[in-house]
Amino acid sequence: MDPGVIRKLDEVVVNRIAAGEIIQRPANALKEMIENSLDAKSTSIQVVIKVGGLKSLQIQDNGTGIRREDLEIVCERFTTSKLQTFEDLSSIATYGFRGEALASISHVARLTITTKTKDEKCAFKGVYEDGKLKGAIKPCASNQGTQIIVEDLFYNVPMRKQALKAPNEEFQKILDVVSKYAVHNPQTGFMLKKFGDNANIRTQAKSTVVNNIKMIYGSSIGKSLLKIDIDDDILQLQVNGYITNVNFSLKKGLFLLFINHRAVESSNIKKAIDQIYSLYLPKGMAPFVYLSIELNPNNVDVNVHPTKHEVHFLHEEEIIEKIRDAAERILLGGNASRTFYTQALLPGAPDPVETTKSNESTAEKSKLDYKFVRTSHTDQKLDKFFGMNVSRNASINESSTNCGELGPLLTPKRQTNLKETKLNSVLNIRKAVEDDCDRNLRTILSELTFVGVIDRYQAVIQYDTKMFLVAIRTLFEELCYQMLMFNFENLDCITFTNPLPLTELAVLALQHVDSGWTEDDGPMDELAERIVEILIGKAPLMREYFNFCITDEGMLVSIPIIVDDYIPSMAYLPMLILRLATEVEWDEEKECFHTFCKEMARFYAKISLTKSDQEYKWEVEHAIFPAFKQYLLPPKSFARNGSLLQIANLPDLYRVFERC
């Protein structure tokens, strides 16, 4: 057999092979673009995703931008502003340096770049394929910074596209990337969302690492953080970070590692941390760890792999030992108080299997029936044992709804003529809610006995012989969404005695830190007018379907009654007005109704922070939980995310007391 002829590969084939090493999935592409945005000194990075990033991956920043003359070659391989000689690698201080990221993306996707520098009068737009500019660069309008849109990723590499996970799984990987960089870069505001949906991540510029950890990963992690600091002149090592104390654990640990501000992985560092926690945590549980390690750039080799995901560094064993010792000291110092938890079972999970026959025989000998459940309306609540007597007048206490200068009187108004909707979009959403209902959880809710309020976020209920901890706000937000959908066109309303000016509400919202407003967004007054203009244009739709009434003069007249005997906190009304204008997808019917109801539900579910204990507890017991019992169709996710968590089984407790 004759030997094969060696031929030089076509340049397009070579570039696509090289691109596959760098851009392995949407999350890789996004990581490269986020790093470019951070190198450009951006203080705001916004990411919008379609179909897990395969259909569209859009990132927009307010950084320095790209010069008009550089747009010609920006997508050619090995073009960069961050590296000139090989020796520069030894002191590289930026994320990017190869000049391959945008080139690689352009070889496996359709790439559009719109950019403006501070010195240019307008922005410029270029479209790229296979590393080359396609057509002329066109002037356009845009703010300072860069917007990159990646469309149809891997459209020309079908095998790579088929090997990817489902869109939701790809989105989770994107979520992980943005979460890590948002925590590590609190000076920059991050926003991530799916197209047409609410933001999954939204952090503010000039925030802190701790605040971003709380916002992204949850307050329970935030409350358990211990600071770790190392400064070693000999090893030229600095470590800053946070680890959770020994009272906190996760089934699947979270390990965020940055070396010289680059997100990387190190199995050796992770293994060392896990070994320490294994002495404290139950088997199979793991901590949350965030470490930022800074080393002398001369001691770090970032040129190991095109993805820059791996790095090699000198004195690895000594550095890991330093980190191990510091973590151990911190955990020992924070171990003055340990909390031990019994096993918590999710609703529907089988009861624990008895491990000894002696327990069974003890239970059999007992003649007492410990499975009786008290269900009388005279049963004592938790408040009885704290010396509290929660009551509220049957009529709505109008004065309790005051919110600073807004404080109007509210008048409930009932709707008499019921309508039956024929809109397919609403009917389809209703069907999806019904199909996703967890029947076991529905049974628990429909037959619950209210025990009492724990705090502003949790309550305890009893079902049969089991006790459950309930995340009030999570369930209430879902209930409000469902009530809006199932009472579509048939909602009663609360009318403001003195209508509220939308312009003032919009300005109040923009002044709040949660709005994310910066001077780059333009004057507040102009943005407020634009918000009012949008809502006035959509007023007929909101009035007809939801009894959310706005006049042509921009005055808010009424809001819907979603749950009887419950009035939302008006302190959050300004932010609702802002979010209705900016977060609702008005142009597509089904998405419009879905996003509108989500935003309304978010507003109504903020039930606790501005009300007195007496009013809050009355509403929870006499308005919210009766509505849960009668109406809520709990989604299947509630059985997995701890929204309803079994904390006790009375027969098991009886056996414990019997042995005592």
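Residues numbered from 1 in each chain as written. Predicted model: local features only at pLDDT ≥ 70, side-chain atom pairs only at ≥ 80, totals over all residues. Heavy atoms only, no water.

K.L.:
Go over the side chain of H184 with me, naming the residues and quoting the values.
P.N.:
Summarising the element assignment, H184 is placed in helix α5 (residues 167-184). Side-chain polar atoms of H184 contact the side chain of H261, separated by 2.9 Å. (Helix = DSSP H or I, 4+ residues; strand = E, 2+ residues; numbered from the N terminus. Polar contact = N/O pair within 3.5 Å; in protein donor to acceptor, adjacent residues only side chain to side chain.)

K.L.:
Hey, could you go over the nonpolar core for me, with residue numbers and the actual values?
P.N.:
The tendency in soluble globular proteins is for nonpolar side chains to be buried as a group. Of all hydrophobic cores here, the largest spans 86 residues; its most connected members are F476, L535, F548, L556 and F625. Among the elements that line this core, the one with the most residues is helix α14 (residues 472-486), at nine residues. Excluding residues that lie within four positions of it along the chain, F476 makes contacts with V563, Y566, Y604, A605, I607, I624 and F628. (Core = buried A, V, L, I, M, F, W, Y, C linked by side-chain atoms within 4.5 Å. Buried < 20%, exposed > 50% of the residue type's maximum accessible area, 1.4 Å probe, protein only. Contact = heavy atoms within 4.5 Å.)

K.L.:
Go over the pattern of salt bridges with me, naming the residues and quoting the values.
P.N.:
Tallying each qualifying case throughout the model produces 18 salt bridges. A salt bridge links K180 to D176; the nearest nitrogen and oxygen atoms lie 3.4 Å apart. Separated by four residues within a single helix, K180 and D176 lie in helix α5, roughly one turn from each other. Residue classification places D176 among the partly exposed positions, given a relative accessible area of 34%. Residues E599 and R602 are paired through a salt bridge, measuring 3.5 Å at the closest nitrogen-oxygen approach. (Salt bridge = Lys/Arg side-chain N within 4 Å of Asp/Glu carboxyl O.)

K.L.:
Explain the packing of aromatic side chains to me, and be specific about the residues and the numbers.
P.N.:
Counted under the stated rule, the structure contains 16 aromatic pairs. Ring geometry for Y217 against F288: centres 5.4 Å apart, planes inclined by 55 degrees, an arrangement best described as tilted. Here Y217 is found in helix α6 (residues 209-217), whereas its partner F288 is found in strand β14 (residues 288-295), with 71 residues between them in sequence. No difference in accessibility class separates Y217 from F288, as the two residues are buried. Taken together, a centroid distance of 6.3 Å and an interplanar angle of 65 degrees make the contact between F258 and Y290 edge-to-face. Linking F258 in strand β12 (residues 254-259) with Y290 in strand β14, this pair joins segments that are 32 residues apart in sequence. The exposure class of F258 is buried, given its relative accessible area of 0%. Members of the aromatic cluster, connected to one another through ring pairs, are F488, Y545, F546, F548, W586, F593 and F596. Taking NZ or CZ as reference, K194 lies 4.8 Å from the ring centre of F171, over its face. Just above the ring of Y481 sits the side chain of K598; from NZ or CZ to the centre is 4.5 Å. (Phe/Tyr/Trp six-rings, centres within 6.5 Å; stacked < 30°, edge-to-face > 60°. Lys NZ or Arg CZ within 6 Å of the ring centre and 35° of its normal.)

K.L.:
Let's hear about the pairing of strand β10 (residues 225-232): which residues, and what values?
P.N.:
Relative to strand β11 (residues 237-244), β10 runs antiparallel, the two being bridged by eight bridges. Across the sheet, L226 pairs through a bridge with I243, a residue of β11. In sequence, β10 turns back onto β11 through a hairpin of four residues, with Q236 there showing a positive phi of about 50 degrees. (Pairing = 2+ DSSP bridges.)

K.L.:
Could you give me a rundown of the environment of Y631, with the residues and numbers involved?
P.N.:
Among the structural elements, Y631 can be located in helix α20 (residues 613-631). Y631 sits in the partly exposed class, given a relative accessible area of 40%. Along the chain, Y631 and M483 lie 148 residues apart, while their C-alpha atoms are 8.0 Å from each other. Ignoring any residue separated from it by four or fewer positions in sequence, one finds Y631 in contact with R442, L479, Q482 and M483. At 3.4 Å, the side chain of Y631 forms a polar contact with the side chain of Q630.

K.L.:
Could you give an account of α14, naming the residues involved and the relevant values?
P.N.:
Here α14 is 15 residues long and its end C-alpha atoms lie 21 Å apart, about the 21 Å a rise of 1.5 Å per residue gives. α14 sits mainly inside the fold: eleven of its 15 residues count as buried. Residues of α14 that are buried: I472, L475, F476, E478, L479, C480, Y481, Q482, M483, L484 and M485. (Expected span 1.5 Å × (residues − 1).)

K.L.:
An account of the sheet that holds strand β18 (residues 449-453) is needed here, citing residue identities and associated values.
P.N.:
One open sheet holds the four strands; their spatial order is β18-β19-β20-β24, and the pairing between them is antiparallel. The strands lining the two open edges of the sheet, one partner per strand, are β18 and β24 (644-649). Strand-to-strand twist of the sheet, defined as the mean angle between neighbouring strand axes without regard to direction, takes the value 25 degrees. Both strand β19 (residues 458-463) and strand β20 (residues 466-471) contribute to a ladder of six bridges, which runs antiparallel. Residue pairing across strands places A459 opposite V470, the latter belonging to β20. Its contacts with the sheet put α14 on β19, β20 and β24, and the angle it makes with β20 is roughly 70 degrees. (Axes fitted to C-alpha atoms, helices over the stretch in contact; angles between N-to-C directions.)

K.L.:
Which residues make up the packing of helix α12 (residues 424-435) against α14, and what are the values?
P.N.:
Closest axis-to-axis distance for the α12/α14 pair is 10 Å, and the angle between their directions is 140 degrees. Judged by the inter-axis angle, α12 sits oblique to α14. With respect to the hand of their crossing, α12 and α14 are arranged in left-handed fashion. Seen from α12, the contacting residues are V426, I429, R430, V433 and E434; seen from α14, they are Y481, Q482, M485 and F486. Split by residue class, the contact of α12 with α14 holds six nonpolar, one polar and two charged. (Parallel < 35°, antiparallel > 145°, perpendicular 65-115°, else oblique. Left-handed = near helix turned anticlockwise from the far one by under 90°. Nonpolar A, V, L, I, M, F, W, Y, C, P; charged D, E, K, R; others polar.)

K.L.:
Kindly report on the side chain of E120, identifying the contributing residues and their values.
P.N.:
Mapped onto the secondary structure, E120 falls in the loop between β3 (110-116) and β4 (123-129). It turns out E120 is buried and unbridged, and the closest side chain with the opposite charge, R68, is 6.6 Å from it. Within the structure, E120 has its side chain in polar contact with the side chain of T117 (distance 3.1 Å). Excluding anything up to four places from it in sequence, E120 contacts I66, R67 and R68. (Lys, Arg positive; Asp, Glu negative; His and termini not counted.)

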